[in-house]
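Remarks on the overall topology
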Amino acid sequence: MAEHKGKGRGRSRGNARKQRGGGRPPGEPKQEEGGRLNKYIARAGVCSRRNADALIDQGLVKVNDVVVHEYWYNVTPEDVVEVNGRVISPRRFVYLMLNKPKDTITTTKDERGRRTVIDLIDLPPEARAGLYPVGRLDRDTLGVLLLTNDGELAHRLMHPRYEVTKRYLVQTKKSIKPHEVEQLKEGISLDDGMARADMAAYVDSARRDEIGLEIHEGRNRQVRRMLEALGHDVIRLERVMYGNLTTVGVRRGKWRRLTALEVRRLRKLVHLK
Ligand code: URA
């Protein structure tokens, strides 16, 4: 197997291109952009940039038929990049916000044929390909759900390190007592560790069965489990805010594309340029 170990775009890159016979194969769409190899792989929707580094380390990435070991290798629009034997190409990123309705599964495909969040995105199949939900909302949880094919951004948004704020509106069967609201902020012991709300408060001073609650983690059923630990049944759960996004102006079950400004703000939240 040909191996490329040179630094960046030096001699070995030229070798890589020569071995291929130059340029892209017939029918391969022309890429508008190149860039660093790990970023290029992430932009193709294969995986996050960090996982791309691992693929490169394992020798699974070739440029113009030559194995490349440098994450920083500078790919040009004419290069042909293969991961695990499959030619990849960067896609345009798509960023959508769905106002998730009840009875919808947060997955791309459900083996039992139940309605998924992707089923609600009425775009042609090629435009939906590679889109996946960022994080997970339970089947009956409503509200803000981001969908994208930008693996790097999605990976970071889901990572607890970046502490992206999620605000929920929680309705319970019984009244929540003031000391229980305090306890949610102090911390609740769950079977996977302590869980703390960054904010918890009644929404309406006349109602004790509804609170607003903010968390920055995304553990499975976290809000429901926090309330259950206090002996409460959650009868309605809506995510009203995710980072800088809300459902304002988007009807339940509908979606919209994010604006460029919203995408920039999301990227900034997770320290991406
Ligand atoms: N917490 C939950 O319990 N469920 C959700 O869907 C989201 C957060």
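These remarks concern the structure in this document. (Residues numbered from 1 in each chain as written. Predicted model: local features only at pLDDT ≥ 70, side-chain atom pairs only at ≥ 80, totals over all residues.)

1. Focus on the overall build of the protein chain
On a plain count of helices and strands, the protein chain comes out with eight helices and 18 strands. Every one of the 273 residues in the protein chain was classed for burial, and the buried ones make up 31%. Within the protein chain, counting contacts between residues at least 6 apart in sequence, those at least 24 apart form 66% of the total. (Helix = DSSP H or I, 4+ residues; strand = E, 2+ residues; numbered from the N terminus. Buried ≥ 20, exposed ≤ 12 C-beta atoms within 10 Å, placed from the backbone. Contact = placed C-beta atoms within 7 Å.)

2. Concerning the nonpolar core
Counting 19 residues, the largest nonpolar core has M97, L98, L145, L146, L147 and L157 as the members making the most contacts within it. Elements represented by at least two residues in this core include exactly strand 8 (95-100), strand 10 (142-148) and helix 5 (151-158). Each residue touching L98, except ones within four places of it in the same chain, is listed here: V117, L120, L145, L147 and W255. (Core = buried A, V, L, I, M, F, W, Y, C linked by C-beta atoms within 7 Å.)

3. What about the site of the ligand?
Around the ligand, the neighbouring residues are L137, D138, T141, R221, Q222, V223, R224 and L237. The greatest single-element share of the shell around the ligand, amounting to three residues, is contributed by helix 7 (residues 222-229). Along the lines of polarity and charge, the residues of the shell around the ligand split into three nonpolar, two polar and three charged. The residues that make up the shell around the ligand include at least three from each of domain 2 (95-160 + 245-269) and domain 3 (165-242). (Near = placed C-beta within 6 Å. Nonpolar A, V, L, I, M, F, W, Y, C, P; charged D, E, K, R; others polar. Domains from an automatic or database assignment.)

4. What about unusual backbone geometry?
Trans is the common state for peptide bonds, and a negative phi is the common state for residues other than glycine. Positive phi outside glycine occurs at E163, with the angle close to 50°. With respect to the helices and strands, E163 occurs in the loop between helix 5 and strand 11 (166-172). Unlike most non-glycine residues, R221 shows phi in positive territory, near 50°. Positionally, R221 belongs in the loop between strand 15 (210-215) and helix 7.

5. A word on the pairing of strand 8
Consecutive side chains of a regular strand alternate in pointing toward one face of the sheet and then the other. Among the six residues that make up strand 8, six are buried, leaving the element largely enclosed by the rest of the structure. Of the two faces of strand 8, the one holding Y95, M97 and N99 and the one holding L96, L98 and K100 are both buried throughout. Relative to strand 10, strand 8 is paired through six bridges, and the arrangement is antiparallel. Along strand 10, the bridge assignment pairs L96 with L147. Pairing of strand 8 with strand 18 (residues 255-257), which is carried by three bridges, proceeds in the antiparallel orientation. Counted as the bridge partner of L98 is W255 from strand 18. (Pairing = 2+ DSSP bridges.)

6. Some thoughts on helix 3 (residues 49-57)
For helix 3, the complete set of buried residues consists of R49, A52 and I56. Taken end-on, helix 3 shows its buried residues confined to a sector of 50°, consistent with a single buried face. Residues of helix 3 that are buried in the fold lie against helix 2 (37-43), strand 3 (61-63), strand 4 (66-68) and helix 5. The first or second residue beyond helix 3 is G59, which carries a positive phi of 75°. (Arc of directions from axis to C-beta.)

7. A closer look at the environment of V164
With respect to the helices and strands, the residue V164 is situated in the loop between helix 5 and strand 11. The spacing of V164 and Y242 is 78 residues in sequence and 7.3 Å in space, taken between C-alpha atoms. For V164, the contacting residues outside a window of four places in its chain are L157, H216, G243 and L269.

8. Description of the environment of N38
Turning to its location among the elements, N38 is positioned in helix 2. Given 25 C-beta atoms within a 10 Å radius, N38 is considered buried. N38 sits 23 residues away from V61 along the chain, and the two C-alpha atoms are 9.8 Å apart. Among residues more than four places away in sequence, those in contact with N38 are R49, A52, D53, I56 and Y71.

Shape is all these values report; function is a separate question.
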